[in-house]
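Residue-level structure breakdown
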Amino acid sequence: MLFTDRADAGRRLAEAVRHLQSEDPVVLGLPRGGVPVAYQVAQALDAPLDVIVVRKLGVPYQRELGFGAIGEGGIRVLSDDIIRRGRVNQSDIASVEREEATELARQAARFRAGRPRLSLDGRTAIVIDDGIATGATAAAACQVVRAQGAARVVLAVPVAPPDAAERLRSTVDEIVCLSTPYAFSAVGEWYEDFSQTSDDEVVSLLAQAAAGAAPRTRTGKGAPESVPTEQEVRVEAGPVVLTGDLTRPTATAPIVMFAHGSGSSRHSPRNRAVAAALNRAGLGTLLFDLLTPAEEANRANVFDIDTLARRLADATRWLRDRAPVPIGYFGASTGAAAALRAAAYPDADIGAVVSRGGRPDLAGRSLLGSVQAPTLLIVGGNDTLVLDLNRQAQSALSCENTLEIVPGASHLFEERGALDRVSVLARDWFTRHFHLQPA
């Protein structure tokens, strides 16, 4: 079994653990690569998502040999056998633990961006990684989860060697593994795209999941009200067909189209975090790729604002034919320039535009003056060059417009609380101009 990427693996894994949905589980991803997989599972099961941060305690003279592991909440799991055979004394244990505890606290704070750790007391915990090689980290994570109070521990992974999967069965209540190939040498060989997951992606996915975990109003016999569902669509944009993800809370909800920037795609965790906030406020969203995979290979295409704008305008007409509702644009980086240029077209009829860390200056000063849609420019306070460019672009706008600066934020809004602030600003701008009541 070959997976396209971690998101694909997560969607397939979600189907395999669907039977656990009735147990009201907590989904825990092992950072970093396990989190994108876990995110898909959490979304499918409508379950809360968190990270399970563990640090291996290595024998001082042979650090790859673990004599135990530590987790948050002061949890410590030790192997008396390895301590004895490795002649690890109490001083060694204390020294290694202090060192790893510092790194554990740093990672946990970084990934959660100030949110508290989810309680596992009496819950079913689904521990997820993107694959297993030896199983040592997964085993330690499951032990820590058990010590943190989980009533039931399930380990779920896309791929693992048969012997490792078998060993792990004794440490968990249930193991779910989609593939156990005998010809196994590395996890990455079972993925077409196994590029490294960054800290930023982990932070953004957790923020998006946390933002989408607000309690839903229940009706009737305790069943939840209708929840927005994401549908993959084929967007016709002139001569090309582009892949997109369309979410519609109701048939009459306004839809915000996302114009992604340089090097990004509809899978951007930052844009998806904003989209989730808009969905909770009753807005539909369409995230799609303005370029085909072949076009993306040429870096120059992401700065071809005219082509991007025409694609966005064509896609807008395609959407309007299928959903005759008010439409807004959310642009990021070079996508913001495309959004503003498309909004300036005579037949655009766009209800509102939001730019996040964008390059509106690339739309062209004369076209900026033709934009009629109310426009919000959001820039990080530490992104000084882009801030100057946004001020220049703002001076060319004649429509209703506002420049919001997020203090202390850099270009990617990766600082604690920065992306949440972007989501609130965008939500309030769109709901106000579409005459919706903010959530």
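What comes next concerns the included structure. (Residues numbered from 1 in each chain as written. Predicted model: local features only at pLDDT ≥ 70, side-chain atom pairs only at ≥ 80, totals over all residues. Heavy atoms only, no water.)

**Points about the overall build of the protein chain**
Helix and strand counts for the protein chain come out as 14 helices and 18 strands. For 439 residues, the compact-globule estimate of 2.2 N^0.38 gives 22 Å, and the C-alpha radius of gyration of the protein chain, at 24 Å, lies within 12% of that figure. Along the first, second and third principal axes, the C-alpha set of the protein chain runs to 75 × 50 × 45 Å. Within the protein chain, the proportion of its 439 residues that are buried is 53%. Within the protein chain, counting contacts between residues at least 6 apart in sequence, those at least 24 apart form 68% of the total. Accessible surface, the protein chain: about 19,100 Å² in total, of which carbon and sulfur atoms supply 49%. Averaging the positions of the 47 positive and the 52 negative side-chain charges in the protein chain gives two centres separated by 3 Å. (Helix = DSSP H or I, 4+ residues; strand = E, 2+ residues; numbered from the N terminus. Rg over C-alpha atoms; globule rule 2.2 N^0.38 Å. Buried < 20%, exposed > 50% of the residue type's maximum accessible area, 1.4 Å probe, protein only. Contact = heavy atoms within 4.5 Å. Areas by Shrake-Rupley, 256 points an atom, 1.4 Å probe, with all protein chains shown as cover. Lys, Arg positive; Asp, Glu negative; His and termini not counted. Charge placed at Lys NZ, Arg CZ, Asp CG, Glu CD.)

**Looking at the sheet that holds strand 8 (residues 174-179)**
Reading across from one edge, 2-1-6-7-8 is the order of the five strands in this open sheet, with parallel pairing throughout. What marks the edges here is a single partner per strand, and that holds for strand 2 (49-51) and strand 8. Within this sheet the neighbouring strands show an average axis-to-axis angle of 25°, counted without direction. In this structure, strand 1 (residues 26-29) lies alongside strand 6 (residues 124-128), joined through four bridges in parallel fashion. Each residue of the ladder has a partner; that of Gly29, found in strand 6, is Ile128. (Pairing = 2+ DSSP bridges. Axes fitted to C-alpha atoms, helices over the stretch in contact; angles between N-to-C directions.)

**Comments concerning helix 4 (residues 90-112)**
Relative to the 33 Å expected for 23 residues at 1.5 Å per residue, helix 4 spans 32 Å between its end C-alpha atoms, a close match to the ideal helical length. Buried within helix 4 we find Ile93, Val96, Glu100, Leu104, Gln107, Ala108, Phe111 and Arg112. Of the residues flanking the end of helix 4, it is Ala113, one or two places downstream, whose phi is positive at about 55°. (Expected span 1.5 Å × (residues − 1).)

**Side note on the nonpolar core**
Met257, Leu286, Phe288, Leu312, Leu319 and Tyr329 are the most contacted members of the largest nonpolar core, which totals 48 residues. No other element matches the seven residues that helix 10 (residues 305-322) contributes to this core. Listed in part, the 45 residues of the second largest apolar core include Leu13, Ala14, Val51 and Val88. (Core = buried A, V, L, I, M, F, W, Y, C linked by side-chain atoms within 4.5 Å.)

**Let's talk about the packing of aromatic side chains**
This structure, assessed with the given rule, holds four aromatic pairs. Between Phe3 and Tyr191, the ring centres sit 5.5 Å apart and the planes meet at 40°, which makes this aromatic pair tilted. Of this pair, Phe3 sits in the segment before helix 1 (6-16) while Tyr191 sits in the loop between strand 8 and helix 7 (199-211), placing them 188 residues apart in sequence. Arranged with centres 5.0 Å apart and planes meeting at 40°, the rings of Tyr191 and Phe194 form a pair that is tilted. The class of Phe194 is partly exposed, set by a relative accessible area of 31%. An aromatic cluster is defined as three or more aromatic residues linked by ring pairs; in this entry it consists of Phe3, Tyr191 and Phe194. Here the basic side chain of Arg432 rests over the ring of Trp429, its NZ or CZ set 5.0 Å away from the ring centre. (Phe/Tyr/Trp six-rings, centres within 6.5 Å; stacked < 30°, edge-to-face > 60°. Lys NZ or Arg CZ within 6 Å of the ring centre and 35° of its normal.)

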